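So you can see what is in the structure, the chains are spelled out below.
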Amino acid sequence: MADRLPRSRSTILVAVLLLTMALAAALAYEAWRAARSHRATAERALRDYASFAAWEFTASSKGKMYSSILYLFNPVMHEQPLRPGERLEDPGAILRPTAREKLCPSATPFAFRLDPSTGVLVFAGSAPSPERQRQIREAVKADLPEYVRDFGYRTITRDSGVAPLSLVYQVKWGPHDTVAAVYGVEFCVGSLAASVFHTVMESGTVLPPALTRGLPNDSLFSVLVWDFAGHPLYRSPHQYPATYTGEHALDAYGGLHTTISINPAVADRLVIGGRPKSRLTLLGALLGLTGVLVAIGLLQLRREHELARLRSDFVASVSHELRTPLAQVRMFAETLRLGRVRSESERARSLEIIDQEARRLTHLVENILQFSRAERQAVRLSLRSCALAPQLREALDSFAPLAAPRRVRVQQSLDERACAIVDLEAFRQIVLNLVDNAIKYSPEGGQVRVLLRTTGEWVRLEVEDEGPGIPAGDRERIWAPFFRLERDVSSAVAGSGIGLAVVRDLVARHGGRTGVDTRHAPARGSTFYVALPRADDVSGGDADQSARAREEADERERATAGAEERT
Ligand code: ADP
């Protein structure tokens with residue numbers, strides 16, 4: 001059919017949609033990978049800054065410790081080596097009051113002078129026990145070969161043995177590079193280091209100012225320093241989570257271990273351009289949206305296919321529905337025109353058939369026109385409040401000739417006071433479509449019941465038949481345009497698939513509802529119903545009309561009963 005979608009076109013469309021999805025997924029993956037790698041680079045840079053800061057912090061502290069220890073020995077050291085006959089300074093000069101504070105505030109400090117050639121030890125301050133003195137002598141003698149002249153002093157730190165030992169000593173040279181004496185002092189790394197670390201933390205430049213832009217060290221990072229034995233020596237006041245940390249170990253002073261953690265809140269300031277934000281939500285949303293769009297596209301395409309198929313089926317079935325009555329009309333009109341009828345009753349029968357088929361054609365064309373008006377949004381209703389029973393009766397009467405060939409009895413049970421605001425033509429079409437279906441799908445000789453009653457705020461029209469019923473899964477779909485049940489598409493029952501769609505559209509325009517119930521036992525069949533908003537009782541003309549209609553109906557029923565009795 002011309003209106004079906006060409007297969008190649010839809011294949012291309014499906015391929016393009018799927019390609020779009022695949023492309024979007026690939027792009028999202030690439031973007032996610034790039035963002036992840038940027039983030040990893042930024043985090044690596046932050047960890048490098050932390051390592052650099054740890055190194056710089058340790059180096060600055062080491063420098064400051066070096067000069068403050070060197071300063072202790074100033075009173076006993078002179079630029080020149082000891083001249084022959086020159087007296088050695090007393091070690092007590094090392095223990096000036098300010099120096100005492102720095103060395104070991106908690107213990108009673110001492111200073112010593114050792115003559116390495118004789119092993120004579122002279123003490124100032126509170127001299128330690130003989131055992132301790134022996135320990136000091138041996139430790140200094142053992143360390144002396146490591147002494148490098150220009151390095152100023154050496155530290156000895158021993159954690160093993162009975163008592164831990166922390167000494168710092170300097171050599172006083174004699175003539176010809178001989179060791180004249182060794183001056184030394186006991187010190188506590190912790191107290192000396194703590195004051196130095198505090199100073200560096202307060203005022204030292206640890207990270208490049210171009211990056212920190214004036215932020216104090218305490219806002220940039222936190223510091224933890226341990227000694228050689230793992231005892232904490234210093235802890236900066238604020239401690240930040242160990243997200244971006246760096247470490248540095250110093251061998252001097254028995255080993256110092258510094259860990260610096262960058263404050264995550266200032267991490268964006270330190271990395272040029274800031275840390276890249278996670279784009280996961282955005283990418284997920286983009287991918288999801290593309291997925292939804294592609295799914296909608298595929299669904300639309302399927303619908304378009306379905307619609308094209310339904311339209312082409314519709315054209316075929318309408319042509320078929322038009323052709324059959326037209327052929328009948330032409331055949332009987334020809335018979336009459338050529339005077340081929342043998343009797344008066346045959347002539348009446350021919351005219352009856354022509355009338356029947358013409359009515360069928362009218363009904364079909366009216367449905368198609370109404371359907372097309374609804375599609376173009378061009379339906380105009382002229383609403384008026386009226387009693388529905390007479391209108392219903394009139395519609396059924398006009399339809400009776402179409403029901404006759406299938407010998408289906410149409411039984412009516414109408415509430416004469418049922419009243420709604422309706423467009424008469426539309427109401428007629430609603431009734432005829434439902435009754436036409438009921439007759440069409442009923443077995444020959446079956447019975448169709450038409451009920452009209454008032455329930456609460458609604459006037460309910462029900463059309464019951466004894467047909468095959470509607471499968472539960474199709475009870476909504478049958479109201480869609482062009483839809484026909486599979487069993488009817490392949491059967492001899494003609495139909496266009498727009499009757500119920502017209503009913504639903506017209507009822508909705510009246511503010512009403514439509515539906516279908518199926519009975520399985522004891523009798524099979526379906527009940528199609530239409531509920532219209534109820535109006536107050538009709539007055540004047542309509543009420544009279546209603547009464548008249550009722551009388552006519554009674555008369556007709558009497559006449560039918562008489563005729564049945566006669567047969
Ligand atoms: P059609 O012209 O095919 O009758 P309709 O829109 O009136 O189109 O109905 C849609 C389909 O619903 C029909 O093709 C038929 O399969 C099913 N149907 C409608 N009314 C009945 C009924 N009373 N009993 C059984 N099936 C029905």
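These lines cover the structure that appears in this document, whether it is placed above or below. Just so you know, these numbers come straight off a predicted model, no measurement behind them.

**Description of the packing of helix α9 (residues 344-375) against helix α10 (residues 388-403)**
Point 1. Axis separation between α9 and α10 bottoms out at 9 Å; the angle between their running directions is 115°. Here α9 runs over α10; the crossing is left-handed. Across from Q356, R359 and R360 in α9, the residues of α10 making contact are S398, P401 and L402.
Point 2. Tallied by class, residues from the contact of α9 with α10 come to 2 nonpolar, 2 polar and 2 charged.

**As for the site of the ligand**
Point 1. Around the ligand sit 19 residues in total, of which N437, D465, R484, D488 and L500 are the nearest.
Point 2. Here an oxygen atom of the ligand sits 3.2 Å away from a polar atom, N or O, in the main chain of G499.
Point 3. Notes on the ligand: free accessible area 530 Å², of which the protein chains cover 98%.
Point 4. Cavity membership is defined here by more than half of the atoms lying within 2 Å of grid points; on that basis the ligand lies in the largest pocket.
Point 5. Among the elements of the structure, α11 (424-441), α12 (486-489), α13 (499-509) and β16 (525-533) are those that each provide at least two residues to the shell around the ligand.

**Let's talk about the state of the cysteines**
Point 1. A complete count under the given rule lists 0 disulfides for this structure.
Point 2. Looking at the unpaired C386, the closest cysteine sulfur is the one in C419, lying at 6.4 Å.
Point 3. Residue C419 is classed as buried on the basis of its relative accessible area, which comes to 1%.

**A few points about the packing of aromatic side chains**
Describing an aromatic ring pair means giving the distance of the ring centres and the angle of the ring planes.
Point 1. Scanning all chains against the criterion turns up 12 aromatic pairs.
Point 2. Each ring, one from Y66 and one from Y153, has its centre 5.1 Å from the other, and the planes form 25°; the classification is stacked. In this pair, Y66 is assigned in helix α1 (residues 7-73) and Y153 in the loop between α3 (130-143) and β3 (154-158), connecting sequence segments 87 residues apart.
Point 3. Using a relative accessible area of 9% as the deciding quantity, one classes Y153 as buried.
Point 4. On the numbers, 6.2 Å between centres and 55° between planes, the contact of F112 with F123 is tilted. Separated by 11 residues along the polypeptide, F112 in strand β1 (residues 110-115) and F123 in strand β2 (residues 120-125) bring together distant segments of the chain.
Point 5. In this structure F112 comes out as buried when scored by relative accessible area, which is 0%.
Point 6. Take F123: its relative accessible area is 18%, and that puts it in the buried class.
Point 7. Chaining the aromatic ring pairs together yields one cluster made of F57, F197 and Y234.
Point 8. Here the basic side chain of R460 rests over the ring of Y529, its NZ or CZ set 4.1 Å away from the ring centre.
Point 9. Above the face of the W458 ring, R513 is positioned so that its terminal group lies 4.4 Å from the ring centre.

**What about the nonpolar core?**
Point 1. L388, L392, L434, L452 and I478 are the most contacted members of the largest nonpolar core, which has 52 residues in total.
Point 2. It is α11 that provides the largest number of residues to this core, a total of 9 residues.
Point 3. With near-sequence residues (within four places) excluded, L434 lies in contact with L461, V463, L500, V503, F528 and V530.
Point 4. With 48 residues, the next largest nonpolar core counts A42, V196, F221 and Y253 among its residues.

**Examining the sheet that holds strand β6 (residues 221-226)**
The strands that make up a sheet pair up through hydrogen bonds in the backbone, lying either parallel or antiparallel.
Point 1. Read from one edge to the other, the open sheet built from 4 strands follows the order β7-β6-β9-β8, with strand pairing classed as antiparallel. Each edge of the open sheet is held by one strand with a lone partner, namely β7 (232-235) and β8 (245-250). Within the sheet, the average angular offset between the axes of one strand and its neighbour, ignoring direction, is 15°.
Point 2. Across 6 bridges, β8 lies against strand β9 (residues 256-262) in antiparallel orientation. When the sheet's bridge partners are listed, E247 is paired in β9 with T259.

**Focus: the environment of L506**
Point 1. Mapping L506 onto the fold places it in helix α13.
Point 2. Overall, the relative accessible area of 1% leaves L506 in the buried class.
Point 3. Along the primary structure L506 and Q370 are separated by 136 residues, whereas in three dimensions their C-alpha atoms are 9.1 Å apart.

Cut-offs applied
- Residues numbered from 1 in each chain as written.
- Predicted model: local features only at pLDDT ≥ 70, side-chain atom pairs only at ≥ 80, totals over all residues.
- Heavy atoms only, no water.
- Axes fitted to C-alpha atoms, helices over the stretch in contact; angles between N-to-C directions.
- Helix = DSSP H or I, 4+ residues; strand = E, 2+ residues; numbered from the N terminus.
- Left-handed = near helix turned anticlockwise from the far one by under 90°.
- Contact = heavy atoms within 4.5 Å.
- Nonpolar A, V, L, I, M, F, W, Y, C, P; charged D, E, K, R; others polar.
- Near = heavy atom within 4 Å.
- Polar contact = N/O pair within 3.5 Å; in protein donor to acceptor, adjacent residues only side chain to side chain.
- Areas by Shrake-Rupley, 256 points an atom, 1.4 Å probe, with all protein chains shown as cover.
- 1 Å grid on protein atoms, 1.4 Å probe; cavity = no way out; pocket = protein on both sides within 12 Å on 5 of 7 lines; lining within 4 Å.
- Sits in = over half its atoms within 2 Å of the grid points.
- Disulfide = S-S within 2.5 Å.
- Buried < 20%, exposed > 50% of the residue type's maximum accessible area, 1.4 Å probe, protein only.
- Phe/Tyr/Trp six-rings, centres within 6.5 Å; stacked < 30°, edge-to-face > 60°.
- Lys NZ or Arg CZ within 6 Å of the ring centre and 35° of its normal.
- Core = buried A, V, L, I, M, F, W, Y, C linked by side-chain atoms within 4.5 Å.
- Pairing = 2+ DSSP bridges.

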